[in-house]
Amino acid sequence: AAQPIPQPDPPPVAAVVGRSELRARVDGGMVRGTLRLEGEVFERGQVKVALVAGATLLDAKADGRVLPLLQEGNTHAAVFAGPAPFTAVLEWAASLGAAPGRASFVLPQPASGSVTITVDLPGDPADVRVQPGLITRRQTASGRTIVEITPAPGATAQLSWSVRESAPSVPAESRILADVKSLVT
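These notes cover the structure that comes with them.

Calculation notes
- Residues numbered from 1 in each chain as written.
- Predicted model: local features only at pLDDT ≥ 70, side-chain atom pairs only at ≥ 80, totals over all residues.
- Heavy atoms only, no water.
- Pairing = 2+ DSSP bridges.
- Helix = DSSP H or I, 4+ residues; strand = E, 2+ residues; numbered from the N terminus.
- Patch = residues over 30% accessible without salt bridge, like charges linked within 9 Å, V, L, I, M, F, W, Y side chains within 5 Å.
- Areas by Shrake-Rupley, 256 points an atom, 1.4 Å probe, with all protein chains shown as cover.
- Salt bridge = Lys/Arg side-chain N within 4 Å of Asp/Glu carboxyl O.
- Contact = heavy atoms within 4.5 Å.
- Polar contact = N/O pair within 3.5 Å; in protein donor to acceptor, adjacent residues only side chain to side chain.
- Core = buried A, V, L, I, M, F, W, Y, C linked by side-chain atoms within 4.5 Å.
- Buried < 20%, exposed > 50% of the residue type's maximum accessible area, 1.4 Å probe, protein only.
- 1 Å grid on protein atoms, 1.4 Å probe; cavity = no way out; pocket = protein on both sides within 12 Å on 5 of 7 lines; lining within 4 Å.
- Points joined across faces, edges and corners; volume = space filled by probe spheres on them.
- Nonpolar A, V, L, I, M, F, W, Y, C, P; charged D, E, K, R; others polar.

A word on the pairing of strand S10 (residues 114-122). Bridge analysis of strand S1 (residues 15-27) against S10 gives seven bridges, and the strand direction is parallel. Of the residues in S10, the one forming a bridge with arginine 25 is aspartate 120. Pairing analysis gives six bridges linking S10 to strand S13 (residues 144-151), with the strands arranged antiparallel. Bridged to leucine 121 within S13 is threonine 145.

Dropping the structure here:
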């Protein structure tokens with residue numbers, strides 16, 4: 001008798017975002033950056049994929065075309081056709097928070113298994129922190145500091161650094177001895 005051909009098991013998840021690369025630059029009171037996400041859709045047809053949480057997005061593209069996004073609460077998602085790999089590039093922005101002697105911002109949280117973060121900071125801050133997470137590299141050149149970060153998985157990370165605001169130098173009034181003598185007499 002003919003045996004039926006066994007069907008392969010369906011994938012355990014519809015899609016995954018396997019890797020993401022976040023780049024940011026701090027200028028003035030604002031942070032702007034890009035987030036590149038690489039993943040794969042396993043199921044056939046259209047699949048909704050969560051991309052990032054906690055981000056103010058300015059633009060989204062996939063394969064050079066505008067990528068329509070869905071927002072559910074604090075998370076942005078997109079619909080991709082499968083089965084196929086995908087790449088999405090998101091542009092985002094955030095404002096800086098300030099506390100005495102420190103500046104900070106909250107990093108967007110990509111929905112990926114592996115995250116690489118590179119932040120370009122102004123000046124040469126003495127004390128750079130990411131909570132929770134780990135600073136894996138720091139390099140200063142030409143008045144800018146590049147910091148590479150590995151965030152703690154599944155947690156919203158905040159980057160902060162020390163800032164020194166220098167007051168403009170005001171020329172001190174100088175008096176010579178002849179001026180002082182004329183004031184006394």
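Alignment of strand S12 (residues 133-141) against S13, held across eight bridges, turns out to be antiparallel. Each residue of the ladder has a partner; that of arginine 137, found in S13, is glutamate 148. The hairpin formed by S12 and S13 contains two residues between the paired strands, and serine 142 there has a positive phi angle of roughly 55°.

Before going further, it helps to spend a moment on a nonpolar patch on the surface. Among the surface-exposed residues, Val13, Val16 and Phe42 lie close enough to one another that they form a single nonpolar patch of about 210 Å² accessible area. Mapped onto the secondary structure, phenylalanine 42 falls in strand S2 (residues 30-53).

This next bit is on the environment of arginine 137. Counting through the fold element by element, arginine 137 comes out in strand S12. Residues arginine 137 and isoleucine 149, spaced twelve residues apart in sequence, show a C-alpha to C-alpha distance of 7.3 Å. Apart from residues no more than four positions distant in its own chain, arginine 137 is found in contact with Ile146, Val147 and Glu148. At a separation of 2.6 Å, a polar atom in the side chain of arginine 137 contacts the side chain of glutamine 139.

With 38 residues, the main nonpolar core has Val49, Leu51, Phe80, Phe105, Val119 and Leu159 as its most contacted residues. Looking at which element gives the most residues to this core, the answer is S2, with eight residues.

Attention shifts here to the side chain of serine 162. With respect to the helices and strands, the residue serine 162 is situated in strand S14 (residues 158-162). Using a relative accessible area of 17% as the deciding quantity, one classes serine 162 as buried. Engagement of the side chain of serine 162 in a polar contact is seen with the backbone nitrogen of alanine 126, the distance being 3.1 Å.

Vacant regions in the atomic arrangement are exposed by a probe of water-molecule size rolled over the atoms. In this structure, the largest pocket encloses a volume near 200 Å³. Forming the boundary of the largest pocket are 16 residues, of which Val115, Pro151, Ala152, Pro153 and Gly154 lie nearest the centre. The set of elements that each furnish at least two residues to the lining of the largest pocket consists of strand S9 (109-110), S10 and S13. Per-element tally for the lining of the largest pocket: the top contributor is S10, with three residues. Tallied by class, the residues present in the lining of the largest pocket amount to ten nonpolar, six polar and no charged. Quantified by volume, the second largest pocket comes out at close to 170 Å³.

Attention now goes to the side chain of threonine 145. Summarising the element assignment, threonine 145 is placed in strand S13. A polar contact of 3.2 Å, which involves the side chain of threonine 145, links it to the side chain of threonine 140. Look past the residues within four positions of threonine 145 in its chain and what remains in contact with it is Val119, Asp120, Leu121, Gly123, Asp124, Pro125, Arg138, Gln139 and Thr140.

By themselves these figures say nothing about function.
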